[in-house]
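Close look at the chain arrangement
Given next are the chains, with one letter for each unit.
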Amino acid sequence: MTLDSLIQRQNNKCHYCQCEMNRDLKSPRHSTVEHLVDRWSSPKHNRSNAESNLVAACFQCNNTRGAKRNRIARDYYKM
């Protein structure tokens, strides 16, 4: 599934904050592909790119969520 089709499916709204997304890469509201279940937590990455696991999110939401997941993953792999 492409970013364009995700955006169309969601009426150009971010999955998390419902803001209007745009294509300006310098904007915190530019659209990105987001994995609902992270690549690292999916067993052997089998389902990480499935259509049901992908949504469009603004860069700000995707980046904020990603930073939190990275801390969780780092702590998990340290154990």
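Values in this document were obtained by computation on a predicted structure and should not be read as measured data.

**Regarding the overall build of the protein**
Of regular secondary structure, the protein possesses two helices and two strands. Listing the helices and strands of the protein from first to last along the sequence gives α-β-β-α. Here the protein holds 79 residues, and 34% of them are scored as buried. By sequence separation, contacts in the protein at least 24 residues apart represent 57% of the contacts at least 6 residues apart.

**Concerning the pairing of strand E2 (residues 54–58)**
Taken across its five residues, E2 has five buried, putting it largely inside the fold. What you see with E2 is no split at all: Leu 54, Ala 56 and Cys 58 on one side and Val 55 and Ala 57 on the other are buried throughout.

**Re the state of the cysteines**
With the rule as written, the count across this model stands at zero disulfides. Between Cys 58, a cysteine without a disulfide, and Cys 61, which holds the nearest cysteine sulfur, the sulfur-to-sulfur distance is 3.5 Å.

**Some details on the pattern of salt bridges**
Throughout the structure, instances matching the rule amount to two salt bridges. Put simply, Asp 4 and Arg 23 hold a salt bridge, and the shortest N to O gap is 2.0 Å. Remark: Arg 23 occurs in the loop between helix H1 (3–9) and strand E1 (31–35) and Asp 4 occurs in helix H1; sequence separation between them is 19 residues. Overall, the relative accessible area of 48% leaves Asp 4 in the partly exposed class. The closest approach of N and O atoms between Lys 13 and Glu 20, which form a salt bridge, is 2.8 Å. By relative accessible area, Lys 13 is classed as partly exposed at 27%.

**Description of the pairing of E1**
By the criterion of burial, E1 is predominantly enclosed, with four of the five residues buried. Of the pairings in the sheet, the one linking E1 to E2 comprises five bridges and is antiparallel in character. Its bridge partner being in E2, Glu 34 is matched across the sheet by Val 55.

**Examining unusual backbone geometry**
At Asn 12, a position not held by glycine, the phi torsion is positive, near 60 degrees. Note on placement: Asn 12 falls in the loop between H1 and E1. Residue Asn 12 is classed as partly exposed on the basis of its relative accessible area, which comes to 23%. Phi is positive for Gln 18, close to 65 degrees, though the residue is something other than glycine. Along the polypeptide, Gln 18 turns up in the loop between H1 and E1.

What counts, and at which threshold
- Residues numbered from 1 in each chain as written.
- Predicted model: local features only at pLDDT ≥ 70, side-chain atom pairs only at ≥ 80, totals over all residues.
- Heavy atoms only, no water.
- Helix = DSSP H or I, 4+ residues; strand = E, 2+ residues; numbered from the N terminus.
- Buried < 20%, exposed > 50% of the residue type's maximum accessible area, 1.4 Å probe, protein only.
- Contact = heavy atoms within 4.5 Å.
- Disulfide = S-S within 2.5 Å.
- Salt bridge = Lys/Arg side-chain N within 4 Å of Asp/Glu carboxyl O.
- Pairing = 2+ DSSP bridges.

Note that all results are geometric; they support no functional claim without further evidence.
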